[in-house]
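The residues making up each chain are set out below.
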Amino acid sequence: MRIFVLLAASLLFAQAAFAEPVGSPIPVGIAVGQTTNVALFGEEQVNGAKVAERMINEKGGVGGTPIKLVFQDTGGDEAGAINAFQNLISRDKVVAIIGPTLSQQAFAANPIANQAKVPVVGPSNTAKGVAQIGEYVSRISAPMTLVAPNALKRALAVNPNIKNVAVVYAQDDAFNVSETGIFQEAIKGMGLNIALVQKTSVKDTDFTTQVTAILGAGVDMVVMSCLAADGGNMVKQLRQFGYEGLIVGGNGFNSPNMYPVCGKECTGVIVAQAYSPKADNAENNAFVPVFKEMFKKDPAQFSAQAYTSVKVVVDALNEVEQSTGKKVADMDTAELRTALNAAIISSSYETPLGEIVLDADGEITQKTFYVSQIKIAEDGKTGIMELLP
Ligand code: 1QQ
């Protein structure tokens, strides 16, 4: 008995000392791809979200109530995303869903959350139209209309003699179809010639046909809209077959988990980002050291965006407590979801991506973007995104 009292007292003391929040945790759903090729992105998203959960709860959660992330693997397709969303909405009664990983999945699963009046924050959906799926859908991932053309401008600075360009895109993925449209428009706008367009699938592993056509066209630059596994394999095959010109990749190339796929052949690929671990703002300066301590590496874009998504939901939960004068934990789930969505949109947030604004549509405005060149290390598996000046 005495031991129990002592234990209880010391636990209480520990809680007070570290200002740990108390009470039943607030469930926040994380529906990203933790299996299939999409896990190359999903793993980074899970890491970023876990850092947010830890940092937020260490600071007292939402007015003293901790948050709890509820992870549901979406796999890589639409059916997996729909299933994960349904579980989070009905079984886990989450206040909001962060996910899914792909725009392709968002177009299928987000309408279900929208119908159920559950706020969705897209952590990595960059295709045109995602934020406009419905009232309950927003995103913190800048659309490629704003990001992708930056990479082309830098590529031209690296090699001003570029004239003929090959464009590649995975035709079975909504984001890649959207992104290639933006790339192609920008390429023409810069007065360059699209010598050929090659279609691939996110499921492809052999790109002999496309690589042969590209080599035959004698282009100076290849602009690729693919995901990480297919894109990584195609870059590798382009180089192994002897292509020596510049390669520009889209958002699917923003994962260091692609490096072991393409190995040293990825060195030199130019990619635009919505995040840099070097960004000097208070939020990023707090986020990076904790991420490094937990995962022994710098956070990449998808980790920072997942962290940002959790922060947006928590900032909005705090806003709900302030504007209603109620504790979130005491609110009815449906009432809370609606109030939370209203708080998420039409607000600005301090994040590792810098200050971001979500408009009434849930669409993001972001100020700072980056362009980097991939450099693979001697081990052929790890590497860095070296910022281009
Ligand atoms: C999208 C993307 C992917 C590259 C996310 C991993 O931007 O599907 O919209």
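Conventions adopted
- Residues numbered from 1 in each chain as written.
- Predicted model: local features only at pLDDT ≥ 70, side-chain atom pairs only at ≥ 80, totals over all residues.
- Heavy atoms only, no water.
- Core = buried A, V, L, I, M, F, W, Y, C linked by side-chain atoms within 4.5 Å.
- Buried < 20%, exposed > 50% of the residue type's maximum accessible area, 1.4 Å probe, protein only.
- Helix = DSSP H or I, 4+ residues; strand = E, 2+ residues; numbered from the N terminus.
- Domains from an automatic or database assignment.
- Contact = heavy atoms within 4.5 Å.
- Pairing = 2+ DSSP bridges.
- Axes fitted to C-alpha atoms, helices over the stretch in contact; angles between N-to-C directions.
- Right-handed = clockwise from strand over helix to strand, strands pointing away.

> Would you mind going over the nonpolar core with me for this structure?
Nonpolar side chains in soluble globular proteins generally cluster together in the buried interior. Formed by 105 residues in total, the largest nonpolar core has its most connected members in Met 221, Val 222, Met 224, Leu 238, Val 248, Val 310 and Leu 317. Top contributing element to this core by residue count: helix 11 (residues 301–324), with 10 residues. Each of two domains, domain 1 (2–142 + 280–358) and domain 2 (145–273 + 370–387), supplies a minimum of three residues to this core. The residues contacting Met 221, other than those within four sequence positions of it, are Leu 152, Ala 155, Ile 162, Asn 164, Val 165, Ala 166, Leu 192, Tyr 243, Leu 246 and Val 248. Within the second largest apolar cluster, 13 residues are counted, among which are Ala 31, Ala 81, Ala 109 and Val 118.

> Looking at this model, I keep getting lost on the sheet that holds strand 13 (residues 364–366). Mind explaining?
One key point about sheets: their strands pair by backbone hydrogen bonds, in either a parallel or an antiparallel sense. Read from one edge of the open sheet, three strands run 11-12-13, paired in antiparallel fashion. The sheet is open, and its two borders are formed by strand 11 (347–351) and strand 13, each paired with just one other strand. In this sheet, neighbouring strand axes are inclined to one another by 25 degrees on average, regardless of whether the strands run parallel or antiparallel. The pairing of strand 12 (residues 354–358) with strand 13 spans three bridges and is antiparallel. Directly across from Leu 358, in strand 13, lies its bridge partner Ile 364.

> Would you mind going over the pairing of strand 1 (residues 26–32) with me for this structure?
Along a regular strand, successive side chains alternate from one face of the sheet to the other. Of all seven residues in strand 1, six are buried; the element is thus mostly enclosed. As paired strands, strand 1 and strand 2 (residues 67–73) are joined by seven bridges and run parallel to one another. Bridge assignment links Ile 30 to a residue of strand 2, and that residue is Phe 71. In this fold, strand 1 hands off to helix 2 (residues 39–58), which returns the chain to strand 2; that crossover is right-handed. Here two bridges tie strand 1 to strand 3 (residues 97–98), and the two strands are oriented parallel to one another. The partner of Gly 29 across the bridge, within strand 3, is Ile 97.

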